[in-house]
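Coordinates in review
One-letter residues, chain by chain:
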Amino acid sequence: MKKWFAGGLLLVAVGYTIYGGSTLMLYTQSGRPAAGFFPLMIGLLLIVSCSVNLWFDVREWLQERASGSGHAHQPEPAAEGTAEALGLDIHTIDGGQEHARDVVIVFAYICGFVAALKVVGALLAMIAFMLVFLFTFDRSRPVTNIIYSLALPGFLYWLFKILLNASLPLSPLGF
């Protein structure tokens, strides 16, 4: 199953790259990167990473087929030991139902981030999203959370707004 999923992702990545390359311009008349430059880079990276993933999945499948052993999901030994030490079911640590709550929280935060983009601007929305996200999932390092919440949005703002001159939603304060 993994090999088919990886193959499907590779096909989507190739299609995305071909579509983006054929419908978007890569460079402006002045030689600067245009709207198609960044999607092309993302597409090429997707193709490389999906190809590597497919290679390893097919190789694993061939080894299983040659040895005659079927693949049944086995929890990682580290997860088993951690679950046993904490007195939990193994599926709580190894991708069980407990993670559904985290998925809902992340989805709600992303929706809030998208809604806040037009209201407070890209930079402030990114900072708020990072602060809320990091403090929800790791309260033990407040200084690190604040540094990441300022550094990553600052870098992304510099990269897209200043360096690449991309249009980002502005805050009422003009940045």
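Please read these numbers as outputs of a predicted model, since none were measured by experiment. (Residues numbered from 1 in each chain as written. Predicted model: local features only at pLDDT ≥ 70, side-chain atom pairs only at ≥ 80, totals over all residues. Heavy atoms only, no water.)

1. Describing the packing of aromatic side chains
- In this structure the tally under the stated criterion is six aromatic pairs.
- Ring geometry for Y27 against F37: centres 5.8 Å apart, planes inclined by 50°, an arrangement best described as tilted. Placement of Y27 in the loop between α1 (2-23) and α2 (37-67) and of F37 in helix α2 is noted, with a sequence separation of 10 residues between them.
- A ring pair is formed by F38 and F160, whose centres lie 5.4 Å apart and whose planes are at 90°; its orientation type is edge-to-face. Here F160 lies in helix α7 (residues 142-163) and F38 lies in helix α2, a separation of 122 residues in the sequence. (Phe/Tyr/Trp six-rings, centres within 6.5 Å; stacked < 30°, edge-to-face > 60°. Helix = DSSP H or I, 4+ residues; strand = E, 2+ residues; numbered from the N terminus.)

2. Thoughts on α2
- An ideal rise of 1.5 Å per residue puts 45 Å on 31 residues; α2 measures up with 45 Å between its terminal C-alpha atoms.
- Contacts from the buried residues of α2 go to α1.
- Phi turns positive, to about 80°, at G68, one or two residues after α2. (Expected span 1.5 Å × (residues − 1). Contact = heavy atoms within 4.5 Å.)

3. Observations concerning the packing of α1 against α2
- For the pair α1 and α2, interaxial distance at closest approach is 8 Å and the crossing angle is 160°. Between α1 and α2, the angle is such that the two are roughly antiparallel. Here α1 and α2 pass one another in a crossing that is left-handed.
- For the contact of α1 with α2, a count of residues per class yields 16 nonpolar, five polar and four charged. (Axes fitted to C-alpha atoms, helices over the stretch in contact; angles between N-to-C directions. Parallel < 35°, antiparallel > 145°, perpendicular 65-115°, else oblique. Left-handed = near helix turned anticlockwise from the far one by under 90°. Nonpolar A, V, L, I, M, F, W, Y, C, P; charged D, E, K, R; others polar.)

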